[in-house]
Amino acid sequence: MKTAGMILLVISCSGLGFHMAGLYGRRIAECVRIERLLMRLGGEIRFCQTPLAEALRAAGGERTDGFSCFFSNLSGRLEESGGEFGSLWEEELMGYLADSLLREEAELLFYLGRQLGNLDLEAQQKALNRFLEQWQEHIRELRSRQESRTRLYRCLGVSAGVFLAILFL
């Protein structure tokens, strides 16, 4: 019975390590999806010269998950209340980040919201382009660390399981 418990402990800790490694990969994938949506938003602003609320709705598309949903919700609130864009952006972003893997990227996203709502179309496009450059650099950093982080999470999970199994001997 004791041996079965130790084996389950090692397996569960290893599973946690593999899960954490998977979360890191999903975090990168979410950052890439956000980059695509922001590029689409930039296209709507630049080429269609669409007002921000409509551009957010168009860029979000028909999807109802992740950052697309964030865009749709923000667009609806902008059209309904007509409030200050920066504060609406922050409120919606807080809701999005509560269920997201991107807590470390929050400051960058908050910064974008402070830049977008207060400017004319040309300035919004420049701010969005500047933000996208920073965001792409951030994604490159995440990818450069991905292999070492996933290996670390997996090794720590297995090691913790073995350590705890030995400890409970």
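Residues numbered from 1 in each chain as written. Predicted model: local features only at pLDDT ≥ 70, side-chain atom pairs only at ≥ 80, totals over all residues. Heavy atoms only, no water.

Undergrad: Please clarify how the side chain of Glu105 should be interpreted in this entry.
TA: Tracing the chain through its elements places Glu105 in the loop between α4 (85–98) and α5 (106–116). Only 2.7 Å separates the side chain of Glu105 from the side chain of His138, close enough to count as a polar contact. (Helix = DSSP H or I, 4+ residues; strand = E, 2+ residues; numbered from the N terminus. Polar contact = N/O pair within 3.5 Å; in protein donor to acceptor, adjacent residues only side chain to side chain.)

Undergrad: I'm lost on the nonpolar core in this one. Help?
TA: Here is a general trend for soluble globular proteins: nonpolar side chains tend to be buried in one another's company. Within the largest apolar cluster, 37 residues are counted, with the highest numbers of intra-cluster contacts made by Leu38, Leu41, Phe67, Phe71, Trp89 and Leu93. For this core, the elements supplying multiple residues, two or more each, are α1 (2–47), α2 (52–60), α3 (66–81), α4, α5 and α6 (121–167). Excluding residues within four positions of it along the chain, Phe67 makes contact with Glu30, Ile34, Leu37, Leu38, Trp89, Leu93, Tyr96 and Leu109. (Core = buried A, V, L, I, M, F, W, Y, C linked by side-chain atoms within 4.5 Å. Buried < 20%, exposed > 50% of the residue type's maximum accessible area, 1.4 Å probe, protein only. Contact = heavy atoms within 4.5 Å.)

Undergrad: What should I look at first to understand a nonpolar patch on the surface in this one?
TA: Among the surface-exposed residues, Phe18, Val158, Val162, Ile166 and Leu169 lie close enough to one another that they form a single nonpolar patch of about 470 Å² accessible area. Top element by residues in the nonpolar patch is α6. It accounts for three residues. Mapped onto the fold, Leu169 is located in the segment after α6. (Patch = residues over 30% accessible without salt bridge, like charges linked within 9 Å, V, L, I, M, F, W, Y side chains within 5 Å. Areas by Shrake-Rupley, 256 points an atom, 1.4 Å probe, with all protein chains shown as cover. Salt bridge = Lys/Arg side-chain N within 4 Å of Asp/Glu carboxyl O.)

Undergrad: Hey, could you run me through the packing of aromatic side chains in this one?
TA: All told, the structure shown has five aromatic pairs when counted by the stated rule. Here the aromatic rings of Phe70 and Trp89 are separated by 5.0 Å at their centres, their planes lie at 85 degrees, and the arrangement is edge-to-face. One end of the pair, Phe70, is in helix α3; the other, Trp89, is in helix α4, and 19 residues separate them in sequence. Plain terms: the ring middles of Phe85 and Trp89 are 5.7 Å apart, the flat faces sit at 45 degrees to each other, and that makes the pair tilted. Here Trp89 and Phe85 lie together in helix α4, a separation of four residues that amounts to about one turn. Phe85 gets classed as buried once you look at its relative accessible area, which sits at 5%. (Phe/Tyr/Trp six-rings, centres within 6.5 Å; stacked < 30°, edge-to-face > 60°.)

Undergrad: It is not clear to me how the pattern of salt bridges should be interpreted in this structure. Could you clarify?
TA: A side chain of one charge can pair with a side chain of the opposite charge if their charged atoms are brought near each other. Per the counting criterion, the structure on display carries ten salt bridges. For the salt bridge of Arg77 with Glu91, the shortest nitrogen-to-oxygen distance reads 2.4 Å. Separated by 14 residues along the polypeptide, Arg77 in helix α3 and Glu91 in helix α4 bring together distant segments of the chain. Look at Arg77 and you get partly exposed, because its relative accessible area is 26%. Owing to a relative accessible area of 45%, Glu91 belongs among the partly exposed residues under this scheme. Residue Arg114 pairs with Glu107 through a salt bridge whose shortest N-O separation is 3.1 Å.

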